[in-house]
Structure formats: C-alpha cells, structure tokens
Amino acid sequence: MGKGGGCIFSKKRSTLEASDQDPPNPDRDAPVLSQNETAAATTTAITVENSSSHEVKKLKVFIVFYSMYGHVECLAKRMKKGVDSIDGVEGFLYRVPETLPMDVLEQMRVPQKEDELPVISVDELVEADGLLFGFPTRFGSMASQMKAFFDSTGQLWEQQRLAGVPAGFFVSTGTQGGGQETTAWTAITQLAHHGMLYVPIGYTFGAGMFKMDSLRGGSPYGAGVYSGDGSRVPSETELALAEHQGKYMAAMVKRAWKEITILREE
C-alpha cells in the first residue's frame, strides 16, 4: 500500500544580513524596570507558568496492528484520522513485532514495512487511555503475530495494568465468509482476561451499515476490509467506516475519562 504522509524539512535556512551595528546584548540592552514593574513582571510570569501547568493533556488512543499486505494498515491510518478529529484526543500508530523469518516473508511476496511506524513493546500499552487492535484473520481468529503479542502480556495481566481501558478491534479477511465477525468475536477473550472494556461500534455508522449495493467489510464488532488474494484495494466505504470507528472510540475514551474525573472530585 502507499506510504503515509511525513514531514518534509526544507534545506533552506535563514541567513543573517551584514550590519555595521553591534549584535544585540540582552543584558546590556534590557530596559531598567522600577520595583513595581519588576514585581508585576514576576507575577505575570508565575501566572503564565501556573496556567501552563494546569493545561489538560491530550488523551492517547494507541492503534496497534499487524498488517501483512497493507490492508489493515490502510484502515489503521484512516482510523487515526478519525481519532485525531476529536478535540482532546490523539491517535498513535504502532506495529506489533513480526514473527515470521525474512526468507518466508519474501517467498510470500510480503511488501517491506515502512520504517516510519514504530514497533510497540508490551510495556508501552499502559501509557494508552484507549486501544484499538487491528489484524488479519487466520481461519476465523486473529493472526499468530497478534496472538503472540497478546501472549507476551502476561505480566500486565497478572498486575491488571490494563483493567478498565476501553479497547476495540478492526480486521481483514480474504473472503466474504472468512471471519469479519468471528475474528473480532474470538479476540474478545483477550480483553476479558485483562479486564479491558470492549467497545464495539454497533450500527452507529448509520446508513452505511445497511447498504447492499457494493462489497464492504466491517461489522458491528468493528471496521473491516476484504483483501481477496491480497491485491484488492480497500473501498472508500471501508475506509470511512474505519475513520468512524476512530471517532467513536475517541469519543468513548473522552467520555470515560470525564466520568472518572467526576468520581475523583466527589
């Protein structure tokens, strides 16, 4: 699939123009303030510092996925767009570690992954306020790469570090009957054992969930895409559903933390 957008740094730098005057000296050129003016300036500085310290930090939704041929990655990137559209919430994209050796991936003609997206460690999961897990299906359940990642969260499970964290799923299948629902359905056990809060999208996508005039992945359990033999490109409807899920999850995370804040203040 195509590469995601990135920052482009300009090679042009601003140049200093020649001048007959001496360069400015902050200590020498600073105006002399009276005692009252100095006190007022100090008070203003303290006020600014205190106000900045009380700024509400953005809530974090981690979009953690495994994508072999790029279909799940397309959904993940569109999902981040949805998360970022909700004020006060920010989405972060992460891959899970690959478990297949390079020579096997080459034989399967798996495209090389982009270096711009980091591989997440298990310990980083606790930094998220919400989690969205994406993966392709393998006979109706999650791919082994994602299962291996969940299997490595034993210490977090033992300490219940992820309990209460809202989480959801999005998937990819090769065929229409290949597990758009069961792939997410069978993954719920992972959330249950961690005590995470499963957040399905239901039919909140509205009319787009009922249209029958085109091929579309996705279900009440979460966004989805049909990959076919690996060459099919996700449809705009599938991508729009992924964006909707990002918005929906971000709104749920924001609502959950609002409730928690109220409880803490009582």
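In the block above lies the structure referred to throughout.
Model, not experiment: these values are computed from the prediction. (Residues numbered from 1 in each chain as written. Predicted model: local features only at pLDDT ≥ 70, side-chain atom pairs only at ≥ 80, totals over all residues. Heavy atoms only, no water.)

Let's talk about the nonpolar core
Soluble globular proteins tend to pack their nonpolar side chains together in the buried interior.
Here is step 1: Counting 30 residues, the largest nonpolar core has V64, L125, L131, F133, F135, M146 and F149 as the members making the most contacts within it.
Here is step 2: Where this core is concerned, the elements lending two or more residues are β1 (59-65), β3 (130-138), α5 (144-151) and β5 (166-173).
Here is step 3: In this view, F133 contacts V64, L125, M146, F150, A167, G168, F169, F170 and L191; residues no more than four positions away in its chain are not counted.
Here is step 4: In this structure, V72, M79, V89 and I201 belong to the second largest nonpolar core, which totals 25 residues. (Core = buried A, V, L, I, M, F, W, Y, C linked by side-chain atoms within 4.5 Å. Buried < 20%, exposed > 50% of the residue type's maximum accessible area, 1.4 Å probe, protein only. Helix = DSSP H or I, 4+ residues; strand = E, 2+ residues; numbered from the N terminus. Contact = heavy atoms within 4.5 Å.)

Regarding the environment of V225
Here is step 1: Checked against the element boundaries, V225 lands in strand β7 (residues 224-226).
Here is step 2: For the pair V225 and F170, spaced 55 residues apart in sequence, the C-alpha to C-alpha distance is 8.5 Å.
Here is step 3: Residues contacting V225, with those up to four places away along its chain left out, are H71, L75, V171, S172, T173, Q180, G217, R232, P234 and E238.

Observations regarding unusual backbone geometry
Here is step 1: Even without glycine at this site, F139 takes up a positive phi of about 55°.
Here is step 2: Relative to the elements of secondary structure, F139 occurs in the loop between β3 and β4 (141-142).

Side note on the pattern of salt bridges
Here is step 1: Applying the stated criterion across every chain, the model contains seven salt bridges.
Here is step 2: Where K147 meets D151, a salt bridge forms, and the shortest distance between an N and an O atom there is 2.7 Å. Separated by four residues within a single helix, K147 and D151 lie in helix α5, roughly one turn from each other.
Here is step 3: Where R232 meets E238, a salt bridge forms, and the shortest distance between an N and an O atom there is 3.0 Å.
Here is step 4: Salt bridges sharing partners connect three or more residues here, namely E73, K77 and R95. (Salt bridge = Lys/Arg side-chain N within 4 Å of Asp/Glu carboxyl O.)

Coordinates in, geometry out; function isn't part of it.
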